[in-house]
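Listed here are the chains, written in short residue letters.
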Amino acid sequence: MHPAPSIIVFTTLSGLGFGLMVWLGVAPPTKTPWVMAFFACLAMGLASAGLMSSLLHLGHPERAWKALSQWRSSWLSREGVAAVVTLAVFAAYAGLWVLTGARSPALGALAAALALVTILCTAMIYTQLRTVPRWHDPLTPLVFLAYALAGGALLNGAMDALPWLLAALAGLQAAAWARGDGAFARAGSTAETATGLGAMGRVRLLEPPHTGRNYLLTEMVYKVGRKHARKLRIIAFTLAIALPLILTLAVSVGHALAGLLVLSHLTGTLIARWLFFAEAEHVVGLYYGAHRDSLAG
Amino acid sequence: MTSLPKTTDASLGLVIDLDTCVGCHACVVSCKEWNTGAYGAPLADADPYGADPVGSFLNRIHSFEITPETGPAQVVHFPKSCLHCADAPCVTVCPTGASYKRQEDGIVLVNEADCIGCGLCAWACPYGAREMDPVEKVMKKCTLCVDRIYNDNIPEEDRLPSCVRTCPAGARHFGDLSDPDSDVSRLVADRGGLDLMPELGTAPVNKYLPPRPKDRAGAPAPLPAETTEGADGFFGWLDRTLDRL
Amino acid sequence: MVQPKLDLSPPVADEIRQTTCYMCACRCGINVHMRDGAVKYIEGNRDHPVNRGVLCAKGSAGIMNHLSPARLRAPLKRTGPRGSGEFTEITWEEALQTAADWLAPVRETAPEKLAFFTGRDQSQSFTGWWAQQFGTPNYAAHGGFCSVNMAAGGIYTLGGAFWEFGAPDWERTRLFLLFGVAEDHDSNPIKMGLGRLKARGAKIIAINPVRTGYNAIADEWLGITPGTDGLFILALIHVLLKSGKIDLDYLSRFTNAPVLLDADGLFARDDQGRELVWDRATDTARPFDTPGLKPALHGDFDGRTPVFQRLAEKYLDAQYAPEAVADRCGIPAATIRRIAAELAEAAFDHPIEIAQPWTDFRGERHDSFTGRPVSAHAMRGISAHSNGFQTARALHLLQLILGAVETPGGFRFKPPYPKPVSAHPRPHGLATPGKPLDGPHLGYPRGPEDLLLHDDGTPRRIDKAFTWEAPLSAHGLMHMVIANAHAGDPYPIDVLFLYMANMAWNSSMGTARVIEMLTDTDDSGAYKIPHIIYSDAYSSEMVAYADLILPDTTYLERHDCISLLDRPICEPDAVADAIRWPVVEPERPGHEGVQGFQTTLIQLGVKLGLPGMVDAEGAPVFADYADYMINHQRRPGIGPLAGFRGNGSEAGRGAPNPGQIDAYIENGGFWLAHVPEEARFMKPANMAYQTWAAEMGFYVSDAPEPYLFQLYAEPLRRFQRAAQGHGDIQPPDHLRERLAETMDPLPIWYPPFEETRIDTDSFPLHAITQRPAAMYHSWGSQNAWLRQIHGVNPLFVPGAIWEAQGFEEGDWATLTSPHGSITVPVVRMDALNAHTVWTWNAIGKRRGAWALEPDAPEATKGFLLNHLIHELLPERGDGRRWANSDPITGQAAWYDLRVRIEKAPPQAAARPDLGTQISPVGTGPAELRFGSRWS
Ligand SMILES: Nc1nc2c(c(=O)[nH]1)N[C@H]1C(S)=C(S)[C@@H](COP(=O)(O)OP(=O)(O)OC[C@H]3O[C@@H](n4cnc5c(=O)[nH]c(N)nc54)[C@H](O)[C@@H]3O)O[C@H]1N2
Ligand SMILES: Nc1nc2c(c(=O)[nH]1)N[C@H]1C(S)=C(S)[C@@H](COP(=O)(O)OP(=O)(O)OC[C@H]3O[C@@H](n4cnc5c(=O)[nH]c(N)nc54)[C@H](O)[C@@H]3O)O[C@H]1N2
Ligand code: SF4
Ligand code: SF4
Ligand code: SF4
Ligand code: SF4
Ligand code: SF4
Ligand SMILES: [Mo]
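Quick caveat: nothing in here was measured; it's all calculated off a predicted structure. (Residues numbered from 1 in each chain as written. Chains lettered and ligands numbered in written order. Predicted model: local features only at pLDDT ≥ 70, side-chain atom pairs only at ≥ 80, totals over all residues. Heavy atoms only, no water.)

(A) Main features of the pairing of strand S1 (residues 12–17) of chain B. All names here are of chain B. Most of S1 sits out of view: 6 of its 6 residues are buried. Residues Leu12, Leu14 and Ile16 of S1 are buried on one face, and the alternating residues Gly13, Val15 and Asp17, pointing to the opposite face, are buried as well. Taken together, the 5 bridges between S1 and strand S10 (residues 172–176) define a ladder with antiparallel strand orientation. Looking across to S10, one finds that Ile16 is bridged to Arg172. In this structure, S1 lies alongside strand S11 (residues 207–209), joined through 3 bridges in parallel fashion. Following the sheet pairing, Ile16 is matched in S11 by Tyr208. (Buried < 20%, exposed > 50% of the residue type's maximum accessible area, 1.4 Å probe, protein only. Helix = DSSP H or I, 4+ residues; strand = E, 2+ residues; numbered from the N terminus. Pairing = 2+ DSSP bridges.)

Have a look at this one:
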């Protein structure tokens, strides 16, 4: 799928933002309310920036509010609603605490829970799509959660939990990559099922319906070289997971180093998210002669 | 509501005969010509006279080559437009309710006034039946010519989708696939109509009739070997036959 | 949220205007939906005989040609060098005066110095008449490089041909053979017909190196090696003769099988010139039209033998056995034998009887028509070879021995055909300064005496039509005009006047060379072809190379006449013709404007004072083309339009009717009258048809013209005898051998010429093109919708070669012929003859043409196969210019091309690069939202 910058930024930042909210909800920094205010603003800033960039991806942002109406059936709608409610509850929780000095653990827990729900909704937008076998897998929401919680922990300075979360993220991301590589072949959609012509023999695209581009080719039939993707996976894994994990274990992390780790983790996550889209193969590509190597296994 | 109707009063759709389609693109252009400036915003074309023309079309023709176990390779021309699925994932994913399936006839439409151009419905559609208009930035798809098939301003016999009326080979059939006695239903039964990507459970309404077997030698009685050996044998036969005329 | 309220009955059109499509030459009837005075939507006219309501992709995209940014807007005068595209817009008055100033002196001194050639020969009876009145012998439409082999092969054999002359009996045929057809002129009718065959369960066999379109849906595909169809057909004939599966009764009565041949191989005739047959009943020679004949088909009768004996002896020879031809055709011998058996079974085991009594020209009464339900259709896959004429005749011979011509289930002719050669004019080429030509340019020679040669044997025509190089070139040789004019062989010309033919691009063989010839100057610096006048509607490549542009309207903005004098829109059961009329007025705001070319030609004729266009006082006879369509009479009572004549109800013949065009408009843009029931089959022999046709004015003689199908073509024998040294008009020596071999009166096969003059090991592959259904020659790329379907063309390479040379997706290749090489993108195809590469025709464009951006894919990656083709055969060291054409008709042998292929490194653009031209109309808008005013 086309790795649109706005979508990559949106999912990464909103993940971090809501991940941080989870931590701030259940294990906030207790030094002074002002530290909390800073982190709360950071969390809400990240989440809002994510939502804003998702608006960039829309054809008609001026009607975006309509996206809240179909929460009964649409994960995108649910994500919108969840995000708005979470931001509201979290703002109340953080505002109450900063203004009155009294922290309400219940409100914090509620905000944290809602943040988790929002992250899940975001992930489900992709997981629900049977048309993209690599995404249509239980690991997808887990990976989204892991990135969010690990990122949040890093931002929140929860150094004791961080290694565990990074380790979990390492396992989940590796598993997702491994299962993802075979997903298209396993899903069972082929040029034969897409055309119904399998009974006649092996089906191959002879001539596309148009010699130029169109929306489908631009949006859903994106090709990234296997070798290139492998290299990016290593870089992403190192920056997002390995480096932060090793450093947090090996050495006590001061503010300067923490900033470096956040930067490293953020960069790694953006690359991983780029790969999440670039490596994703949509079944519509079968009509355009794509995915032959995936199917060849 | 972007939830799907349990059942619809009718299931209107197309039946495409892959044994007859010659891949002439007539339906593609006739569809664009009818729908631009009719249902919803015009079907725009970006950079139409330049290096990278991109226009929205609701129906396109792919050409596939099939290599059988034995015998020469074959070519099948493959029209593709929205299948108006009974269990349409493109409807349930829509966050604004713009994408909906009509209760009366099962046609899946986009109400462009509610469409925010998020593209998720196109992601959800396995068949590439939806295209974002390059200029209007709303989602475009086959409307089954809902503004023709009931239109009082059109003569009765012409209340057909534009693509069905224009297909020179007669490879496109239109009707109610929920009515077992309709022409299209009988055609599907007779010719073993197929669903596309049945494994994805979208329950498409449109059906495809597979090509009839090709390159099968007819089985006439073999010609009598050498009744007319050489020229003179031939003329002997000729005389005998002529006398009988 | 409840479903939105939909308006299920929105307004469709303020008014529907019915006219004739012109996005190709198939002439379908269209309904043009008008909204607020503008064209909103075009659909097929359900009542029209040609298309019955359907349209093709081009027809539906007509709006985008009608609104094309490439439309010309004013007469243009060239200011920069030829090919630059630099013009200034001038007034019509200046344009017409300029043309007249160039043409008047030519007419007064040497009319032949004007070469007037047209592309789309839709109004050939008008443009031909204009050229005749001007007096130049140098006129033709483009049939010469299009499909004259099909037309001439058919007319010299059956009195009609494939193309628009006839059609398979779609409703009754059981087995249909399709030879070398990708689209054909009859493109919608063929698609509709194939749909009917599928619905009826008839079998379709496609004989074509490429398995796409019609050939993809055929029940059986024979991937024949290009240029060998004649061998395949003659092998079928061999097997059918050997097994006695032929319709002897049909052959005896309705073909010249029984006609006696004298020692010279000419027909024995009585004193009234009627061919003689041997009547077994009376054991005497009798004229062929004697009632109650029992004609002999073999035997020696006072030194004369029936045609059929020669035919049988020829095709029973072992050289035509399936085993002898299989390898060369690329079709297994067993398959050839089996298909012959299927032909026999369909024809003889499933005859069709139509209980309609009729009387033949012998006065014998038949109580029914007997049908042999086998039909065939063929087009340039057969005709575009140097052996195409004889192959077309071979196919017609196959139809005749099965008795499947003009019988139910067979191939049926559309009025005004069938017509024997004797009912056609002979060619005329006598130019007299200041005077009209001595008769119509084009015709059907009966023998050497009809050739257009000066007394010293040199050609009268610039294209050398009707000379020993192309004796039966019934449609002229347009593809030789520029080359011959440039070479001054046979003579130089002064004015080249072209209409609707992109001769500087895809209509010419060896495009780069033709461009050189158009721009070549003599030592005084003047162009070798001094003046070029061109009429186009759009900014094509040819526009850039002309000196004076007379801009035409689009097909929705002018009157046109689809006349019985040209190639009408009849059906086997109905005579019909049609018009176009200005559905919208031609507006080019801010510019001088455009007008219908035929009207321009009339105005030019008036300026030149051409007889028939000005009266005694020099006043115009016709105000415009509409006036001509109504009032011109080619013969008393016979005008361009056959319907609504006289008081409005007379058909075929009648006085001019001022309200005729309005009557056509009222009737949907066409007129139709049914062929009488009794006259519908066996037209050449059916007196009901012959008398009806004579009344309708189909024959110049205005009398019935019954005739026999010509298995044996006597005119060919006359030319063959001349080549063998007989008669007072004989060919030059260097042509004797070729003419003696190829002018065989019975169909033969010979290898395409190009491959006999080159080393086929270094050019092992055949290279051909196909028409894309969604594009029409070069005028499709200006169409915003169509160019998204075909914006660039790949070269399709057979799977075996693809793998052998290690090609991969996205690769490029260099294709080399004896005349040049091109470097182009390649794709793989397996459903393709293993020795053939092909591409779509005419997609590549010159930078700057067609109002496209300079970096448009058509001008960068698109290409023309034309660069590899030469209008002359490879040199033979005899210093002569041998045309790369059929030796009998001069048809351009496009598909004889031989090439080799090598992998090439990736390219930014296809090669060769033929430069850039400035566009006199700029480039198109950056965005289109057609219909926005109504949505
Ligand atoms: N390689 C290869 N080359 C081929 C062929 C092939 O099969 N392979 N086919 C050959 C054959 S059979 C043919 S017929 C020729 C192409 O046949 P042509 O009829 O010469 O087609 P074009 O070359 O496109 O030229 C037509 C010109 O007419 C102009 N035109 C279109 N509409 C109008 C109108 O309404 N009025 C006027 N005045 N002009 C108009 C177009 O802009 C264009 O410039 O191509 C030949 N060339
Ligand atoms: N859409 C569309 N329709 C058109 C045109 C167009 O440009 N576009 N052009 C019109 C004109 S001007 C013409 S002349 C007609 C031409 O109509 P067609 O003759 O149908 O057009 P071509 O593309 O020349 O097709 C030649 C076919 O013969 C096959 N072929 C080539 N060599 C051989 C051979 O040796 N043997 C056999 N059996 N087959 C062979 C080719 O693969 C191809 O399928 O089409 C007319 N109709
Ligand atoms: S119009 Fe008919 S024959 Fe042509 S591509 Fe469409 S479905 Fe196929
Ligand atoms: S074909 Fe695609 S767009 Fe049409 S109903 Fe099915 S899922 Fe939706
Ligand atoms: S693009 Fe429009 S119709 Fe499609 S899901 Fe988004 S809002 Fe709904
Ligand atoms: S039914 Fe109508 S909208 Fe759908 S493909 Fe056909 S013409 Fe287009
Ligand atoms: S075949 Fe197509 S382009 Fe040609 S006249 Fe008919 S509708 Fe027009
Ligand atoms: Mo042609």
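(B) Examining the interface of chain A and chain B more closely. Listed by partner, the interface residues are 57 residues for chain A and 59 residues for chain B. When the two sides are added together, the surface that chain A and chain B hide from each other amounts to roughly 4700 Å², 61% of it contributed by carbon and sulfur. Interface area lost by chain A to chain B is led by Met200(A), Tyr215(A) and Tyr287(A), which between them contribute 15%. The tally of links between chain A and chain B comes to 3 salt bridges. Asp52(B) serves as the salt-bridge partner of Arg213(A), at 2.6 Å between the closest nitrogen and oxygen. (Contact = heavy atoms within 4.5 Å. Buried area = accessible area lost by both parts, 1.4 Å probe. Salt bridge = Lys/Arg side-chain N within 4 Å of Asp/Glu carboxyl O.)

(C) Just the site of ligand 6, in detail. Residues and elements named next belong to chain B. Every residue lining ligand 6 is accounted for by Cys31, Asn35, Asn59, Cys142, Thr143, Leu144, Cys145, Pro161, Ser162 and Cys163. Sorting the residues of the shell around ligand 6 by element identifies helix H1 (26–35) and helix H4 (162–166) as the ones contributing at least two each. A class-by-class count of the residues in the shell around ligand 6 yields 6 nonpolar, 4 polar and no charged. (Near = heavy atom within 4 Å. Nonpolar A, V, L, I, M, F, W, Y, C, P; charged D, E, K, R; others polar.)

(D) Up close: empty space enclosed by the protein. Quantified by volume, the second largest cavity comes out at close to 260 Å³. Those elements that provide at least two residues to the lining of the second largest cavity are strand S1 (202–207) of chain A, strand S4 (59–67) of chain B together with strand S32 (836–840) of chain C. Classifying every residue of the lining of the second largest cavity gives 13 nonpolar, 9 polar and 3 charged. (1 Å grid on protein atoms, 1.4 Å probe; cavity = no way out; pocket = protein on both sides within 12 Å on 5 of 7 lines; lining within 4 Å. Points joined across faces, edges and corners; volume = space filled by probe spheres on them.)

(E) Quick peek at the packing of aromatic side chains. Residues and elements named next belong to chain C. Following the criterion strictly, the structure yields 68 aromatic pairs over all chains and no others. Arranged with centres 5.9 Å apart and planes meeting at 65 degrees, the rings of Tyr250 and Phe254 form a pair that is edge-to-face. Of this pair, Tyr250 and Phe254 both sit in helix H10 (residues 248–254), 4 residues apart, which is roughly one turn of that helix. What makes Phe254 buried here is its relative accessible area of 6%. Ring centres of Tyr707 and Phe709 lie 6.2 Å apart, and the angle between their planes is 90 degrees; this geometry places the pair in the edge-to-face category. Look at Tyr707 and you get buried, because its relative accessible area is 8%. Phe709 gets classed as buried once you look at its relative accessible area, which sits at 1%. (Phe/Tyr/Trp six-rings, centres within 6.5 Å; stacked < 30°, edge-to-face > 60°.)

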